[in-house]
Amino acid sequence: MASMFEKYGGFASVSRIVSTFYDRLLESPQLAGYFEGVDMRNLIDHQTKFIAQVMGGPASYTNEQLQRVHAPHRINQAAFEETAMVLQEALEDHGVEDEDVRAIMNQVAARSSYVVST
Amino acid sequence: MSAAEHAPAPDDDLPLDAETTRHLLAKLNLAIAVVRPGAWTVAYENAKFFQWFPGTGEDDETLASRVPGLPLDRLGERMERGRPFSFETEAKAGGRPVPVKLEFRPLVDGGPSDILVECASISKQKEAEYMLESYSKLAERNTRELQKEKDRVEKLLLNIMPKSVYEEMKDYGTTTPQRFEQATVLMLDFVDFTDMTVSRDPGPLIAELNDIFSAFDRIVEMFDCERIKTIGDAYMAVAGMPEANPDHAANIAKVALRMRRYLDRRNAALPEPWLCRIGINTGPLIGSIVGINKYVYDIFGPAVNLAARMEQLSEPRQITVCDDTYTLLKDDFMLIDRGEYEIKGFGTKRLYFLESEQG
């Protein structure tokens, strides 16, 4: 069975979704602060690979890696949930079917304990 | 008043009266509109928006009829919650389609309000995506082909050497000859094969030999033994190397019995009979790759030579072993004493026919 990654057109599509996602994150007063002084190119590159991974694509980040990169930012549950909602909206806006959106969001939610640290 | 008269002097602030604002909005390379939620009519649009999404000009024309495919349900639901929404589509510019992204957000934060629509061309982004996609497909295809070639080479190399030797070769580029203190060698050949090569059609003859050897390969693999090589109609296999195995003699004995049974069944079903002679011997030997460009994995030592003698002294459909192997097999297998034989280079040895497995 083809993965979601293939179904929605591979890396180029994921990159479009992630681009919308970050546009919105940076617009959000609640979240923009987390990205001050961050190299967005690098971050978007990783985020694209990560989303590709949860959609069944080729990348593979471990939970330990997630924990390591997020820990210094002291992310709280509310910020995590807002970010998840922005991601969900970006997925919906790019025509990802509801069922697949749910599957991706479950994957993301399952990793919350590695991202949230306060 | 014309717009030109409003061109500001460098020191002046731009007077943002309605005229100037309209002029600025008209000049934007971005399409902008304000939409009434619910009715979805366009309350304001700049020139670019009108150009990209030309309508019929009717008063009650809705956004949906100008932006085909726009999911109003989802948009409405998002706006009610005060969340942004975006939608990608194609606009028309001089008969040429332009990929664009429309972004919707409430004009006033929190609470019901008109909706601001911003729309920009994403053709550069699309081009970059297209390039990225075609490039990653190319890279994927190359990787796949490389992997296929690698698998093919690996399969070929595994035909001529044991896996552990192949791994060593792959990791270090070379292999060291190894001595194995206890291994059992099986040698098999066919009675009157030389005559068959003269009397029979070569095509079918070799096809049959190939079938038989392939069946032997499967049997050998089944009992964790290694096929070392075939020379003409001779077939050589070994157990107890390259990984030591305490059951080497028993495993080879089981292989030999199954080879014989395979040939018996084959001969019962097919017109041309193949009769094998098998010799088995146990002892120390050396395993190594020999050759540089045309290399093969081979085994050496008295145990190998004696196995060849056992085979020569064997009889059609018989499996011959001598003392050393007999000691290892006698508890679990039926063997028949053949008496003592003088063997060139090895002195006197007591030989046995391996008959069957016990129990």
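Residues numbered from 1 in each chain as written. Chains lettered and ligands numbered in written order. Predicted model: local features only at pLDDT ≥ 70, side-chain atom pairs only at ≥ 80, totals over all residues.

(A) A look at the overall build of chain B. Check the secondary structure of chain B and you find 11 helices and 13 strands. Expressed as a percentage of the 359 residues in chain B, the buried residues total 28%. For chain B, restricting intrachain contacts to residue pairs at least 6 apart in sequence, the fraction spanning at least 24 positions comes to 57%. (Helix = DSSP H or I, 4+ residues; strand = E, 2+ residues; numbered from the N terminus. Buried ≥ 20, exposed ≤ 12 C-beta atoms within 10 Å, placed from the backbone. Contact = placed C-beta atoms within 7 Å.)

(B) Up close: the overall build of chain A. The helix and strand tally for chain A stands at seven helices and zero strands. Counted from the first residue to the last, chain A has its helices and strands arranged as α-α-α-α-α-α-α. Buried positions account for 30% of the 118 residues belonging to chain A. Of all intrachain contacts in chain A linking residues separated by at least 6 positions in sequence, the fraction that spans at least 24 positions is 78%.

(C) Molecular detail of the interface of chain A and chain B. Counting from both sides, the interface comprises 10 residues of chain A and, opposite them, 10 residues of chain B. No other element matches helix α2 (residues 10-27) of chain A, which puts seven residues into the side of chain A that touches chain B. The class makeup of the residues in the side of chain A that touches chain B is two nonpolar, three polar and five charged. (Nonpolar A, V, L, I, M, F, W, Y, C, P; charged D, E, K, R; others polar.)

(D) Structural view of the packing of α2 of chain A against helix α3 (residues 40-54) of chain A. All names here are of chain A. In contact at an axis separation of 9 Å, α2 and α3 are set at 125° when each is read in the N-to-C sense. Here α2 is positioned oblique relative to α3, judged by the angle of their axes. In this structure, α2 meets α3 at a crossing whose hand is right-handed. Residue-level contacts link Phe11, Val14, Ser15, Ile17, Val18 and Tyr22 of α2 to Met40, Ile44, Gln47, Thr48, Ile51 and Ala52 of α3. Considering only residue class, the contact of α2 with α3 consists of nine nonpolar, three polar and no charged. (Axes fitted to C-alpha atoms, helices over the stretch in contact; angles between N-to-C directions. Parallel < 35°, antiparallel > 145°, perpendicular 65-115°, else oblique. Left-handed = near helix turned anticlockwise from the far one by under 90°.)

(E) Local environment of unusual backbone geometry. Residue and element names in this part refer to chain B. Of the consecutive residues Met241 and Pro242, the connecting peptide bond is found in the cis state with omega at -5°. If you trace the backbone, Pro242 turns up in the loop between β8 (234-239) and α9 (248-269). The residue Asp224 is not glycine, and still its phi comes out positive at about 60°. With respect to the helices, strands and loops of the structure, Asp224 is situated in the loop between α8 (202-222) and β7 (226-231). Since 14 C-beta atoms lie within 10 Å of it, Asp224 is described here as partly exposed.

(F) The arrangement of the sheet that holds strand β4 (residues 96-106) of chain B in detail. Residues and elements named next belong to chain B. Within the open sheet, the five strands sit side by side as β2-β1-β5-β4-β3. Their pairing is antiparallel. Strands at the two margins of the open sheet, each flanked by one partner only, are β2 (42-45) and β3 (85-93). Across the sheet, the axes of successive neighbouring strands diverge by a mean angle of 25°, strand direction being ignored. (Pairing = 2+ DSSP bridges.)

(G) Structural context of the pairing of β7 of chain B. All names here are of chain B. Note: β7 against β8, five bridges, orientation antiparallel. Within β8, the residue paired with Thr230 across the bridge is Tyr235. Linking β7 to β8, which pair antiparallel, is a turn of two residues; within it Gly232 sits at a positive phi near 60°.

(H) Structural context of the nonpolar core. Residue and element names in this part refer to chain B. Counting 49 residues, the largest nonpolar core has Val185, Leu186, Ala256 and Ile280 as its most contacted members. Per-element tally for this core: the top contributor is α9, with eight residues. When sequence neighbours within four positions are dropped, the list of residues in contact with Leu186 reads Met236, Ala237, Ile252, Val255, Ala256, Ile278, Ile280 and Ala307. (Core = buried A, V, L, I, M, F, W, Y, C linked by C-beta atoms within 7 Å.)

(I) Representation of the environment of Thr230 of chain B. All names here are of chain B. Secondary-structure assignment places Thr230 in strand β7. For the pair Thr230 and Met187, spaced 43 residues apart in the sequence, the C-alpha separation amounts to 9.5 Å. Excluding anything up to four places from it in sequence, Thr230 contacts Phe213 and Tyr235.

(J) Main features of α3 of chain A. Residues and elements named next belong to chain A. Here α3 spans 21 Å end to end across 15 residues, near enough to the 21 Å set by a 1.5 Å rise per residue. Within the span of α3, buried status applies to Gln47, Thr48, Phe50, Ile51, Ala52 and Val54. Once α3 ends, the next one or two residues include Gly56, with phi positive near 90°. (Expected span 1.5 Å × (residues − 1).)

(K) Quick look at the pairing of strand β9 (residues 276-290) of chain B. All names here are of chain B. In the sheet, strand β6 (residues 178-190) pairs with β9 via 11 bridges, with the strands oriented antiparallel. Across the sheet, residue Asp189 finds its bridge partner in β9, namely Arg277. Judged from the four bridges that link them, β9 and strand β11 (residues 318-322) form a sheet pairing that is parallel. Paired with Gly279 across the bridge in β11 is Thr320.

(L) Fine view of the environment of Leu257 of chain B. Residue and element names in this part refer to chain B. Inspection of the secondary structure puts Leu257 in helix α9. Judged by the 18 C-beta atoms lying within 10 Å of it, Leu257 falls in the partly exposed class. When the C-alpha positions of Leu257 and Ile278 are compared, they lie 9.7 Å apart, and in sequence the two are 21 residues distant. Once residues within four sequence positions are removed from consideration, Leu257 is found in contact with Leu354, Ser356 and Glu357.

(M) A look at the packing of α2 of chain A against helix α5 (residues 123-160) of chain B. The contact between α2 of chain A and α5 of chain B brings their axes to 7 Å, and the two run at 145°. Here α2 of chain A runs over α5 of chain B; the crossing is right-handed. Contact residues: Gly10, Phe11, Ala12, Ser15 and Arg16 of chain A in α2 of chain A; Glu129, Leu132, Glu133 and Ser136 of chain B in α5 of chain B. The residue makeup of the contact of α2 of chain A with α5 of chain B, split by class, is three nonpolar, three polar and three charged.

Honestly, that's just the spatial picture; any functional story needs more than this.
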